[in-house]
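Each chain, written out:
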Amino acid sequence: MTDMSIEDYLAHGGKLTSPGNVPARYRGELLRLMASFVDSELAASAGFAAAINDAPGIKSRIAAARITLEKADHAERVLAVMADFGVDSDRYEGVHPWAARLPRDTDIGASRQEGDMRLSVFRYPLTGWVDAVVMNVLQGQAARLQLAEMAQVSYQPLAEVFRAIAPVEGRHAELGIEGLTQIARTEAGREAARSSIAYWHPRVAAGFGAANSARYERLARLGLRHRTNEAMLADWQTAVRAIVADLSLN
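Reading the values: rules and limits
- Residues numbered from 1 in each chain as written.
- Predicted model: local features only at pLDDT ≥ 70, side-chain atom pairs only at ≥ 80, totals over all residues.
- Heavy atoms only, no water.
- Helix = DSSP H or I, 4+ residues; strand = E, 2+ residues; numbered from the N terminus.
- Rg over C-alpha atoms; globule rule 2.2 N^0.38 Å.
- Buried < 20%, exposed > 50% of the residue type's maximum accessible area, 1.4 Å probe, protein only.
- Contact = heavy atoms within 4.5 Å.
- Areas by Shrake-Rupley, 256 points an atom, 1.4 Å probe, with all protein chains shown as cover.
- Expected span 1.5 Å × (residues − 1).
- Bend = angle between axes of the 7 residues up to and from the residue.
- Axes fitted to C-alpha atoms, helices over the stretch in contact; angles between N-to-C directions.
- Parallel < 35°, antiparallel > 145°, perpendicular 65-115°, else oblique.
- Left-handed = near helix turned anticlockwise from the far one by under 90°.
- Nonpolar A, V, L, I, M, F, W, Y, C, P; charged D, E, K, R; others polar.
- Salt bridge = Lys/Arg side-chain N within 4 Å of Asp/Glu carboxyl O.
- Phe/Tyr/Trp six-rings, centres within 6.5 Å; stacked < 30°, edge-to-face > 60°.
- Lys NZ or Arg CZ within 6 Å of the ring centre and 35° of its normal.
- Polar contact = N/O pair within 3.5 Å; in protein donor to acceptor, adjacent residues only side chain to side chain.

A. Molecular detail of the overall build of the protein chain. Looking only at helices and strands, the protein chain features eight helices and zero strands. Here the C-alpha atoms of the protein chain give a radius of gyration of 19 Å, agreeing with the 18 Å that 2.2 N^0.38 yields for 250 residues. Within the protein chain, the fraction of its 250 residues that count as buried is 48%. A separation of at least 24 residues holds for 71% of the contacts in the protein chain among residues at least 6 apart in sequence. Of the roughly 11800 Å² of accessible surface on the protein chain, a fraction of 56% belongs to carbon and sulfur atoms.

Right, here's the structure in full:
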């Protein structure tokens, strides 16, 4: 079977189950997808680790610690799939500045950095507990949509990992909403939350990618994408508007 016939098979909803039968272009795109997820989870974990000591109470400290632990665990699960493709996972065991962040007023859009494929939103710093909670709420809603998309990828072993991860990440988003609900009970909390929402909203939105993306079309033909950037962004905006209105933060 040629690479072209495999790609035709994928374009019509076919699934692959082992590294041995994937075409080279598919392998490259699949590894890029996995590296982005792993790097983003490790960077997110590092960010929330720093927020643990900002938490105002025991329950919130436990929530931040749980998110820190489980995001690292999710990175490890996907890294195991990458290792099946011969990726040297030892580089993730060394020292990497996952906690490194850019200055707060930087605007890098959706750009990535060579050797570190985290989503651009994880390059910005958290400034205190309210900011961490708001970021978790907005990015949590994005992750819910992104994981639903990734759970449909045409490489079946990875799709199964994402389906197992999705409910845990969903719980992270719920913990964020619980925390934001507490914050929004006072006017001072609402004002701080509104300021953070204004900061994080465009940065999380950038993670959905450009409209009318040629890259999306390439990935869709390989069965690695199913919904457009625009459709996912619109769903995220709807979900965020509902949360903001419910907590009187608009």
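That was the structure; now back to the text.
B. Seen up close, helix 5 (residues 156-183). Helix length check: helix 5 (28 residues) gives 41 Å between terminal C-alpha atoms against 40 Å at 1.5 Å per residue, within 8%. Within helix 5, the axis deviates most sharply at Ala-166, by approximately 30°, and proline Pro-167 lies no more than four positions further along.

C. Highlighting the packing of helix 2 (residues 24-51) against helix 3 (residues 58-84). Where helix 2 contacts helix 3, the two axes come as close as 8 Å, and the packing angle between them is 160°. In terms of axis orientation, helix 2 runs roughly antiparallel to helix 3. Note on packing geometry: the crossing formed by helix 2 with helix 3 is left-handed. Facing Leu-31, Met-34, Ala-35, Phe-37, Val-38, Glu-41, Leu-42, Ala-44, Ser-45, Phe-48 and Ala-49 of helix 2, the residues of helix 3 in contact are Ala-64, Ile-67, Thr-68, Lys-71, Ala-72, His-74, Ala-75, Val-78, Leu-79, Val-81 and Met-82. In the contact of helix 2 with helix 3, the residues fall into 17 nonpolar, three polar and two charged.

D. The arrangement of the pattern of salt bridges in detail. Counting across every chain of the model gives 14 salt bridges. Across the pair Glu-169 and Lys-71 runs a salt bridge, and its minimum N-O distance is 2.7 Å. Residue Glu-169 is found in helix 5, and its partner Lys-71 is found in helix 3; the two are separated by 98 residues along the sequence. Classification of Lys-71 by relative accessible area gives buried; the value is 7%. In this structure, Glu-187 engages Arg-190 in a salt bridge whose closest nitrogen and oxygen atoms are separated by 2.8 Å. Taken together, the positions of Glu-187 and Arg-190, both in helix 6 (residues 187-205) and three residues apart, correspond to about one turn of that helix. The class for Glu-187 is partly exposed, based on a relative accessible area of 40%. Ionic contacts of the salt-bridge type, sharing partners, join the residues Glu-187, Arg-190, Glu-191 and Arg-194 into one network.

E. A look at the packing of aromatic side chains. Overall, the coordinates contain seven aromatic pairs when judged by the stated rule. Ring geometry for Tyr-124 against Trp-200: centres 6.4 Å apart, planes inclined by 80°, an arrangement best described as edge-to-face. Taken together, the positions of Tyr-124 in the loop between helix 3 and helix 4 (129-150) and Trp-200 in helix 6 put the pair 76 residues apart, joining distant regions of the chain. Residues Tyr-124 and Trp-200 agree in their burial class; the two are buried. Between the aromatic rings of Phe-208 and Trp-236, the centroid separation amounts to 5.8 Å while the plane-to-plane angle is 45°, which identifies the pairing as tilted. Placement of the pair is Phe-208 in the loop between helix 6 and helix 7 (214-221) and Trp-236 in helix 8 (residues 229-246), with a sequence separation of 28 residues. Each member of the pair, Phe-208 as well as Trp-236, is classed as buried. Three or more aromatic residues link up through ring pairs in this structure, and these residues are Tyr-124, Tyr-199 and Trp-200. Sitting over the face of the ring of Tyr-199, Arg-104 holds its NZ or CZ atom 3.6 Å from the ring centroid. Across from the ring centre of Tyr-199, 3.8 Å away, lies the NZ or CZ of Arg-203, which sits over that ring.

F. Examining helix 7 more closely. N-cap assignment for helix 7: the residue whose side-chain oxygen lies 3.2 Å from the backbone N of Arg-215 is Ser-213. Phi for Gly-223, located one or two positions after helix 7, is positive at around 75°.

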